[in-house]
Every structure is written in structure tokens, then in C-alpha cells.
Amino acid sequence: MAIFFHWDDATRDLWDTAFSEAGTTADIRTVDNLGDVNDIEYAVAWAAPHGYLGRFPNLKYIFSIGAGVTHITEDPDAPLDVPIVRLQDDMLVLDMSCHIIHWVLHFHRSYYLYKQYEGEKKWLRHRYPDNGDRRVAIMGLGQTGQDACRRLRDLGFDVTGWARSPKEIEGVRCLHGEAQFDALLAEADILVNLLPLTPQTENLLDANAFTKMPDGAFIINCSRGASIVDADLLNALESEKIKAAALDVFRTEPLPHDDPYWDHPNVFVTPHAAAPSNERSAAQFIADNIRTAMSGGTPTPIVDLQRGY
Ligand code: NDP
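Residues numbered from 1 in each chain as written. Predicted model: local features only at pLDDT ≥ 70, side-chain atom pairs only at ≥ 80, totals over all residues. Heavy atoms only, no water.

1. A closer look at the nonpolar core
The biggest cluster of nonpolar side chains holds 50 residues, and the ones touching the most others in it are Val44, Ile100, Phe107, Ile138, Leu152, Val192 and Ile220. It is helix α3 (residues 90-108) that contributes the most residues to this core, seven residues altogether. A domain split of this core shows at least three residues from each of domain 1 (2-89 + 278-294) and domain 2 (90-269). The contacts of Val192, once residues within four sequence positions are left out, are Ile100, Val136, Ala137, Ile138, Met139, Ile220 and Cys222. (Core = buried A, V, L, I, M, F, W, Y, C linked by side-chain atoms within 4.5 Å. Buried < 20%, exposed > 50% of the residue type's maximum accessible area, 1.4 Å probe, protein only. Helix = DSSP H or I, 4+ residues; strand = E, 2+ residues; numbered from the N terminus. Domains from an automatic or database assignment. Contact = heavy atoms within 4.5 Å.)

2. Digging into the site of the ligand
Around the ligand lies a shell of 30 residues, among which Leu141, Thr144, Ser165, Lys167 and Tyr309 are the nearest. For the ligand, a nitrogen atom lies 3.0 Å from a polar atom in the backbone of Arg164. Elements with a contribution of two residues or more to the shell around the ligand: α3, α5 (143-154) and β7 (158-163). Residue composition of the shell around the ligand, by class: 14 nonpolar, 10 polar and six charged. Counting only domains with at least three residues in the shell around the ligand, you end up with domain 1 (2-89 + 278-294) and domain 2 (90-269). (Near = heavy atom within 4 Å. Polar contact = N/O pair within 3.5 Å; in protein donor to acceptor, adjacent residues only side chain to side chain. Nonpolar A, V, L, I, M, F, W, Y, C, P; charged D, E, K, R; others polar.)

3. Concerning the side chain of His6
Inspection of the secondary structure puts His6 in strand β1 (residues 2-6). The class of His6 is buried, set by a relative accessible area of 17%. Aside from chain neighbours lying at most four places away, what touches His6 is Val31, Val44, Ala45, Trp46, Ala47, Ala48, Pro49 and Ile65.

The values are spatial; any link to function lies outside them.
Right, dumping it as C-alpha cells:
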């Protein structure tokens, strides 16, 4: 049995160590060392070059090294009859919540103004609303969205969440379905996107959505860039309907040099860094799942390709 592995080469050693600590002694193959493709039964991958995953006739499962799976499903030659298992990892969830809390506080308390004052050597303290008077709206109540809701609620924010199906989270108003999307937008002083990219969520945040948000709202996008219509967001920033945006994900990554987001004073760009997969915990999760598969069980969670996540 062999495992096809693809990740950033720079951290390959860390992954090797993590896999061996997790008890995986399998023969690990990479694009430079495929060997006999018939041996490969499991693929563990992030953004493998298109065409590779379809080359393994005995592939049993594809493990995504990340919560999103569009890096697999967008490959026109991906073997979509092979089950895809996404990463479910407490470390990733915690990292994502930390990223969100950072930007919520940054916007809520206008910390960006202090950088400006510092440049002017101005000792000026400004006021900000009580946490309970700031409405934070979270799109997506999966593993990351639910955790972010709870942590922001515990900080005293007024939190509303939105998912496809009904949810119950203590102290959080939970909305669901298309019919309640406008109600979510109306409460979004700060809007956080944690939706997977699907045909239903692509271009969801467009000019029409922005008009339904409170004036001067903030956006934090940490799921996928294509949820936002970029030209519409730039217009909304221009008119100050949207005051600022913290964007971690983009339609094209790396963000091209001539992209207007780079130079926009009210856009904060991070390079898909909200919740990078942690080698140790991800390798443990995947190794446990491979052991489950080898002993005849079914790894979880398997992506529902009809739903798109
Ligand atoms: P989950 O699959 O656990 O949760 C997805 C949530 O989105 C669910 O609550 C689901 O609703 C909801 N949802 C899906 N489609 C719709 C829709 N059409 N309308 C309303 N709600 C919808 O995802 P995760 O929390 O693990 O991750 C979310 C995304 O974050 C990932 O897909 C990935 O793209 C991104 N990500 C980004 C990272 C980064 O570093 N920037 C790192 C990790 C993830 P329901 O519960 O009803 O099914």
C-alpha cells in the first residue's frame, strides 16, 4: 500500500515526521516519485497538480489537507467516484476563530485609526460601542462557524449565525436558508464569511447584498474569494457603504500584483493564512482515518458532492 502525498515542498519534512509520529509507516509517493501507480490506495493532498489524482487506478480515498475541497473538485480529471474526506481539526478551528476575533476587534475598536494617529504622533483615544451593541453576523455554522459564534458570544458580542439548515447555539440567534439571508445581512455590522464555495454561495456577496447591510459595515472573508463579487465590493468600499474588509482568500491566489485590493487603504490582505493546516494534528487525523479504512471502516467526514461540501 502506498500514499500519494502533495503539499508545499517547504514543509515536507514536517509532514514526514508528523506521519511517522501518527504511526503511518506507509510508502509515501510524491509527483517526483510516483513509482508504480497501482500501489497507491490513498491520496493526501492540498492543491495537487491537475491530472494526478486521476492516475491511480486503485485509489480508495482522497484526504483533503484542508477544510475546503474545491482544490480537488476543480481538477477536471479528478476521480470524483472516489470518496473525498475533508479535514476536521480542532487546531484549524481554533486558528480560524483567533483570526476572526482579531479582525472583529480590529474593526470594532477601530485599531486601524491608532496606526494613523501614531504616524501623526497624536495621543488620541477614541470611543467604541459596547461589545453587546456590535452585531456580528456569521455566514456558515459548520465546524469553524459554530466555534467562532461561541467565542464571539463569550466576548459579549451580539451574534447571529446563518446556515442552510436550522441550528441551535446557546446565546446566538440562528437563521437559515435563503429566506432568512436578508435578515442576516440587516444585522451585519461585521459580516464574517465561513461558507464553503458551492454554486449557491458563489457571488453571494454582491452589490445587492451590500445594500442590505448597515451603512459602514465591515466584512471579514476567510472561506473562499469567489463568494464575493470583487467589483461590487470595491464600489461599496468607495461609497463607504462598506467601511473596510479583511480578506484572506481571493478568486486568484496568490493575489495578482495588479489587483486593486493590494493598494486599497481600507482592505487588509492576508495570504490565505487564517487557519493553515497544522501538520501534526492534520497528520494525526488523516492517519487515524487511514487506519479506519484499512481495518474495513469508513473514514469521516466524507464530502457530499451534491451539496458541494
Ligand atoms: P463546514 O462544511 O463544517 O460548514 C459549512 C457551513 O456552511 C454549514 O453550516 C452549512 O450549512 C453552511 N452552508 C453551506 N452552503 C450554504 C448555503 N447555500 N446557505 C447557507 N449556509 C450554507 O465548513 P468549515 O466550517 O469547516 O469551513 C468553511 C470554509 O472555510 C471551508 O469550506 C473553506 O473554504 C474555508 N476555510 C478557509 C481556511 C483559511 O485558512 N482561509 C481554512 C479552513 C477553511 P449546514 O450546516 O446547514 O449544512
